[in-house]
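The lines below spell out each chain.
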Amino acid sequence: MTAVADGPVTAFEDNDLKPVGFGRMLRKEDPRLIRGRGRFVDDVQLNGMLHLAILRAPMAHARIVSIDTSAASAHPKVKLVVTGAMLAEQGMAWMPTLSNDVQAVLATDKVRFQGQEVAFVVAEDRYSARDALELIDVEYEMLAPVIDARTALDPSAPVIRDDLEGKTDNHCFDWQTGDAAATEAVFASADVVVSQDIVYPRVHPAPMETCGAVADYDAVEGKLTLWSTSQAPHAHRTLYAIVAGLPEHKIRVISPDIGGGFGNKVPIYPGYVHAIVGSLLTGKPVKWMEDRSENLTSTGFARDYIMRGEIAATKDGKILAIRTHVLADHGAFNGTATPVKFPAGFFGVFTGSYDIKAAFAKMTAVYTNKAPGGVAYACSFRITEAVYLVERIVDCLAQELAMDPVELRIKNFIRPEQFPYTSKTGWTYDSGNYERTLREALRIAGYDELRKEQVERRARGELMGIGVACFTEAVGAGPRKDMDILGLGMADGCELRIHPTGKAVVRLSVQSQGQGHETTFAQIVAEEIGIPPADIEVVHGDTDQTPFGLGTYGSRSTPVSGAAAALVARKVRDKARLIASGMLEVSVADLEWVKGSFHVKGDPTKSVTIADIAFRAYGAGDLPEGLEGGLEAQICYNPENLTYPNGAYICVVDVDPGTAQVTVRRFIAVDDCGTRINPMIIEGQVHGGLTDGVGMALMEIIAFDEMGNCLGGSLMDYLIPTALEVPDWETGFTVTPSPHHPIGAKGIGESATVGSPPAIVNAVIDALKPYGVRHADMPLTPSRVWDAMQGHPTPPI
Amino acid sequence: MTVNDAEVTREIEGRLLLVHFLRDHLGLTGTHWGCDTSNCGTCVVWMDGEPVKSCTVLAAMAGGHEVRTVEGLEQDGQLDPVQQGFMQCHGLQCGFCTPGMLMTARALLDRNPNPTEQEIREAISGQICRCTGYATIVRSVQWAAAEEAGTRTTIPAEGA
Ligand code: FES
Ligand code: FES
């Protein structure tokens, strides 16, 4: 920690006791979690509950010839075996994805990726359900798989999606943004053009808790209760109503404590639907909990963008234009969880933090025989890919111009007075002061000293690298005029009720997977209404108890729901003011609000607290003319714009010249997320994202062999950083509030995941300068770094 | 076996894993399960005072031994200092890895009351946390170590 970071870390500040406000506050969710008394989906135990296990395809592409379930059905502990053919009879073999494609609930005709759901078994216990899977006999006819996205559109490539009417190729969609002609004109006359192929490989969010559900259908009430690992319980409920034809008010989705999400728990997976079908058919509660290999091989992956970046500049380093072509691998079904009008997510912000003349991006997305997904792992709807592209290509330009990467960036930043700034691809950045943020990072890092040290070390033959990345995010989806998911606008509801004794309950539409909503949202309401956070109960994650909203992903909780919480509290305060004017017998204009109470202007002795007002609102005695009793309000907040948090990251690495092993020695992260509600929680969000960055940059990859066998299907093969691979993080911050957010806050949950991979890769490439390396693709494992040092960058996967 | 000091006897299948015995049979759901390959450490409990991955121990093998889980860390209504440390230093986010981390941390401090940062990192290196980035976990353990050191010096003072 440094002087500008979040304060002493060993001191205990219990501002639970403070009446109000933002600041470091210990989390309200921790007392149960540190006692082992959290309630996760797998902790749900119901009377008579059965267990579900899924039979999955062992190969990537094959036709199903026959399935024999007789031996499994005969198992004494098995209650139900279901195949795709059985679901097809009910018209339930296919379901819509969040991108308006369809996905098989159970395969009927073909299997299209290794790990695809082929049948499921419901049995009396976990182990028997698994045993019975072994008894199902499936005959497959092997088909050639399409694994490399680069060959997916070859005329000879087998057609994966022959389930779609008239489909004769593996094309998924095309997308473009910016001005092709204007960009070409700038490129044609530029002094310097640099172009680089850059792959952002397929990775996986792999939250520590895998996905799962417990479905409990009560036939008498006609009501389905579903505990599930969902980041978006309301959106899921609406989709279940549409798919399963159950009335929406008879579905209750509960997301209890969730063991990490990172976008992995946004889509609806076939397993959730299986649990529902299992409960409907058996009349018993049914639990499905996937194992780790199922999680890694079949649920939402992230990235898989094959990019060519091009940058045009003047000789003295003024960036003029950026252009990119992307080949996007979407797997076997387009299961991307993204606003409908944004099939490439928010990749359009690939112009980054720079003020340039022209930009253009063109994308082709294809189907391959791999698991579906794409938008996950804290990517802010593909901003990870965009930021990696721009921050890598800017470094390539710096190398070409022999310019310091810091100097090049500062020269091209959007300047503070240019905000709100509309980018060449049409995004309106709300606020920022990029140079100030970067200078803070340079100060903490001691950048000039580091460069000196690097010179000395190089002279000794040591490989030290310093990498810089400056990012701008666009989070808080989103304005409903532009953004919806399957027709559901991306607004969020919030309800606040002050009880007669002045305690409160606030009900959110978003859902926490570790972000600490029970704390942060209590603080937001506390700040506005003037009662201690300890007196505010936060209810979330249960569709029967909370207003409608689209859930937590894409760093949207604080930008959207946080705004809703502040505004609903202001609405309550407005009503409280009217009641106070009656109680104090003065006009509203003569009242002054001082956190927690109204008093008569000029006479602070005449005052009433929120608790006094609440008691009057529900109690005996008259209220001002025309005012209803009660002290509560609700709101549905539609954000007018996204928020644009930014940051400047500096990474210092050492590369062992003998083994090519990369060690992250230091990492300095300075973030600007506007107004800071709970600095402790913000710091935690940043730390987690930085660790993801080390994972992606150096270790993590979901690769496949040529037959489509997943090579990252367990935690032995899919390497996630432990405490030994990451340094002690150095964080700092600047504060540039969002002008349109009621409390000036921006999202922070994904900033570090977005910003850290390019900083680390830039550092490694900088370390390899003596070898003349300009680029190497992630993950920078020792073998890839070694290859790069030998002048043969490993062909990207 | 004894679990958190209580004698437990059950008729079980030979292949039942300790993690499932604790969770499904005894309802001690504080111990979690997160992988198939003994890599994640969300399942760490103690057997005879030593941290073990309960997904890698057959319940039958724990017969006759003393098992302690996160539910057994709190003593007489008093949180263990490592539990307090995790709260104080934001050593948890989603809380899924936390029970395993707490058990390892407690065992570490019992062996080594004043560990260095590197020793703490090594102690928890068989466990994965996807949320915190580990620095706050390290600080949490350091907080507990300092708290315990502090307690040792203040007890005589209070007693005097
Ligand atoms: S469950 Fe992962 S190590 Fe035990
Ligand atoms: S707190 Fe979520 S995995 Fe550690």
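Structure: see above.
Quick caveat: nothing in here was measured; it's all calculated off a predicted structure.

### Some points on the overall build of chain B
Link 1 in the chain: What chain B contains, in helices and strands, is five helices and five strands.
Link 2 in the chain: Each helix and strand of chain B, placed in order from N terminus to C terminus, yields the pattern β-β-α-β-β-β-α-α-α-α.
Link 3 in the chain: Since a compact globule built from 160 residues should have a radius of gyration of about 15 Å, the 16 Å found for chain B is in line with a globular shape.
Link 4 in the chain: Taken along its principal axes, the extent of the C-alpha atoms in chain B is 55 × 40 × 25 Å.
Link 5 in the chain: Counting every position in chain B, which comprises 160 residues, the buried fraction comes to 59%.
Link 6 in the chain: Expressed as a percentage of contacts within chain B between residues at least 6 apart in sequence, the contacts between residues at least 24 apart total 58%.
Link 7 in the chain: For chain B, the computed accessible surface area is about 6,200 Å², with 51% contributed by carbon and sulfur atoms.
Link 8 in the chain: Charged side chains of chain B number 11 positive and 20 negative; the gap between the two group centres comes to 7 Å.

### Some details on the overall build of chain A
Link 1 in the chain: When you go through chain A residue by residue, the secondary structure sums to 18 helices and 33 strands.
Link 2 in the chain: Against the compact-globule benchmark of 28 Å for 797 residues, chain A has a radius of gyration of 27 Å, which places it among compact chains.
Link 3 in the chain: Along the first, second and third principal axes, the C-alpha set of chain A runs to 80 × 75 × 50 Å.
Link 4 in the chain: The buried share of chain A, taken over its 797 residues, is 66%.
Link 5 in the chain: Accessible area for chain A stands at about 26,000 Å²; split by element, carbon and sulfur atoms hold 52% of it.

### Overview of the pairing of strand E27 (residues 591-594) of chain A
Residue and element names in this part refer to chain A.
Link 1 in the chain: The alternating pattern of E27 places Leu-591 and Trp-593 on a buried face and Glu-592 and Val-594 on a face that is not buried.
Link 2 in the chain: With four bridges connecting them, E27 and strand E28 (residues 597-600) associate as antiparallel partners. Across the sheet, the residue bridging to Val-594 is Ser-597, located in E28.

### Examining the nonpolar core
Residues and elements named next belong to chain A.
Link 1 in the chain: Membership of the largest hydrophobic core comes to 221 residues, with the highest contact counts inside it found for Phe-347 and Leu-698.
Link 2 in the chain: Looking at which element gives the most residues to this core, the answer is helix H9 (residues 383-401), with twelve residues.
Link 3 in the chain: For Leu-698, the residues in contact, after removing those within four places along its chain, are Val-662, Val-664, Ile-760, Val-764, Pro-779, Leu-780 and Thr-781.
Link 4 in the chain: Grouped together as the second largest cluster of nonpolar side chains are 45 residues, Ala-526, Ala-563, Leu-584 and Ala-745 included.

### Brief notes about helix H7 (residues 270-282) of chain A
Residue and element names in this part refer to chain A.
Link 1 in the chain: Compared with the 18 Å implied by 1.5 Å per residue over 13 residues, the 18 Å span of H7 between its first and last C-alpha is a close match.
Link 2 in the chain: With ten of its 13 residues buried, H7 lies for the most part within the structure.
Link 3 in the chain: Those residues of H7 lying buried are Pro-270, Gly-271, Tyr-272, Val-273, His-274, Ala-275, Ile-276, Val-277, Gly-278 and Ser-279.
Link 4 in the chain: Positioned one or two residues after H7, Gly-283 has a phi angle of 70°, which is positive.

### With respect to the interface of chain A and chain B
Link 1 in the chain: Taken residue by residue, the interface counts 62 residues in chain A and 51 residues in chain B.
Link 2 in the chain: Surface buried jointly by chain A and chain B totals about 4,700 Å² across both partners, of which 55% is contributed by carbon and sulfur atoms.
Link 3 in the chain: Where chain A packs against chain B, one counts eight salt bridges.
Link 4 in the chain: Residues Arg-35 of chain A and Glu-74 of chain B are paired through a salt bridge, measuring 3.2 Å at the closest nitrogen-oxygen approach.
Link 5 in the chain: For the pair chain A and chain B, the number of links is 26 residue pairs in polar contact (both at pLDDT 80 or more).
Link 6 in the chain: Among the elements of the structure, helix H1 (30-33), helix H4 (126-133), helix H8 (292-298) and helix H16 (679-699) of chain A are those that each provide at least two residues to the side of chain A that touches chain B.
Link 7 in the chain: Looking at the side of chain A that touches chain B element by element, the count peaks at nine residues for H16 of chain A.

### A word on helix H17 (residues 751-767) of chain A
Link 1 in the chain: Under the 1.5 Å per step criterion, the end-to-end length of H17 of chain A is 25 Å for 17 residues, consistent within 8% with the ideal 24 Å.
Link 2 in the chain: Among the 17 residues that make up H17 of chain A, 17 are buried, leaving the element largely enclosed by the rest of the structure.

### Some details on the sheet that holds E27 of chain A
Within a beta sheet, neighbouring strands are joined by backbone hydrogen bonds and run either parallel or antiparallel to one another.
Residues and elements named next belong to chain A.
Link 1 in the chain: Taken together, three strands build an open sheet; the order of strands is E27-E28-E29 and the sheet is antiparallel. Because the sheet does not close on itself, it has two edges, and the strands there are E27 and strand E29 (603-609). Ignoring which end each strand starts from, the neighbouring axes of this sheet average 35° apart.
Link 2 in the chain: Where helix H15 (residues 610-618) meets the sheet, it contacts E27, E28 and E29, and its direction lies at approximately 50° from that of E29.

Analysis parameters
- Every chain is numbered independently, its residues counted from 1 as its sequence is written.
- As a convention, the first chain written is A and the first ligand written is 1, with the rest following in written order.
- Owing to the predicted nature of the model, reporting of local features is limited to residues with pLDDT of at least 70; listing and counting of side-chain atom pairs is limited to 80 or more, with chain, interface and lining totals taken over all residues.
- In computing side-chain values, all of the structure's heavy atoms are included and hydrogens and water are not.
- Helical segments are the DSSP runs of H or I of at least four residues, strand segments are the runs of E of at least two, and each set is numbered from the N terminus.
- What the globule rule says is 2.2 Å times the number of residues to the power 0.38, and the radius of gyration is computed from C-alpha atoms.
- Type-normalised accessible area, obtained with a 1.4 Å probe on protein chains alone, sets the label of each residue: buried when under 20%, exposed when over 50%, and partly exposed for intermediate values.
- Here a residue-residue contact requires only that any non-hydrogen atoms of the pair lie within 4.5 Å.
- To be clear on the numbers: accessible area is Shrake-Rupley with a 1.4 Å probe, and residue cover counts the displayed protein chains and nothing else.
- Within this scheme the basic residues Lys and Arg register as positive and the acidic residues Asp and Glu register as negative, but His and the chain ends are omitted.
- Think of each charge as sitting on NZ of Lys, CZ of Arg, CG of Asp or CD of Glu.
- Strand pairing is assigned whenever DSSP detects at least two bridges linking the two strands.
- Here, the term nonpolar core denotes a set of buried Ala, Val, Leu, Ile, Met, Phe, Trp, Tyr and Cys residues that are joined through side-chain atoms within 4.5 Å.
- Each residue after the first adds 1.5 Å to the expected span of a helix.
- Buried surface area refers to the total accessible area, computed with a probe of radius 1.4 Å, that the two partners give up upon joining, counted for both partners together.
- Here, a salt bridge means any Lys or Arg side-chain nitrogen found within 4 Å of an Asp or Glu carboxyl oxygen.
- The definition of a polar contact used here is a pair of N or O atoms within 3.5 Å, where within protein one atom must be able to donate a hydrogen and the other to accept one, and adjacent residues in sequence count solely through side-chain atom pairs.
- Between N-to-C directions, angles cover 0 to 180 degrees, with each direction set by a line fitted to C-alpha atoms, over the stretch in contact for helices.

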